[in-house]
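# What the coordinates show
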Amino acid sequence: QVQLVESGGGLVQPGGSLRLSCAASGSISSIYFVGWFRQAPGKQRELVASSISSTITNYTDSVKGRFTLSKDNAKNTMYLQMKSLKPEDTAVYYCNANIRTSTDMTLRNYWGQGTQVTVSS
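Rules used in this analysis
Residues numbered from 1 in each chain as written. Predicted model: local features only at pLDDT ≥ 70, side-chain atom pairs only at ≥ 80, totals over all residues. Heavy atoms only, no water. Helix = DSSP H or I, 4+ residues; strand = E, 2+ residues; numbered from the N terminus. Rg over C-alpha atoms; globule rule 2.2 N^0.38 Å. Areas by Shrake-Rupley, 256 points an atom, 1.4 Å probe, with all protein chains shown as cover. Lys, Arg positive; Asp, Glu negative; His and termini not counted. Charge placed at Lys NZ, Arg CZ, Asp CG, Glu CD. Contact = heavy atoms within 4.5 Å.

## Quick notes on the overall build of the protein chain
Looking only at helices and strands, the protein chain features zero helices and 11 strands. Listed by position from the N terminus, the elements making up the protein chain come as β-β-β-β-β-β-β-β-β-β-β. For the protein chain, the C-alpha radius of gyration of 14 Å lies close to 14 Å, the compact-globule estimate for 121 residues. By its C-alpha atoms, the protein chain is 50 × 25 × 25 Å across when sized along the principal axes. On the protein chain, roughly 6,500 Å² of surface is accessible, and the fraction owed to carbon and sulfur atoms is 47%. Put simply, the protein chain has 12 plus and 7 minus side-chain charges, and the middle of one group is 3 Å from the middle of the other.

Structure, rendered in structure tokens:
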């Protein structure tokens, strides 16, 4: 069984930093990380950072210059380094990936369970 597991969320003061991790496990033949999303209470889920290619990443305007997406392909893990955090960054953060399972070589889309990030003094 394939799954994505996020970690690294928590409570941080404004201006602080956190690093989120998204680790894929299971019978994986290949993985294509889509990116990081977040959903604040009462709001729709939004795309925060998307991995377009191995070298190109897009960020939503509100996080540009503060968030950095990176990947460790050897570990099947994607990260989101968040700096200069603001109260409006408070949300549940989700990772998303397209994974081809080695059991049937079918490409499917997967979501992690989410990790809470709270920015508050």
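## A short note on the environment of Ser 17
With respect to the helices and strands, the residue Ser 17 is situated in the loop between β2 (10-12) and β3 (18-25). Separated by 67 residues in the primary sequence, Ser 17 and Ser 84 have C-alpha atoms spaced 6.2 Å apart. Residues in contact with Ser 17, not counting those within four places in the same chain, are Val 12, Gln 81, Met 82, Lys 83, Ser 84 and Leu 85.

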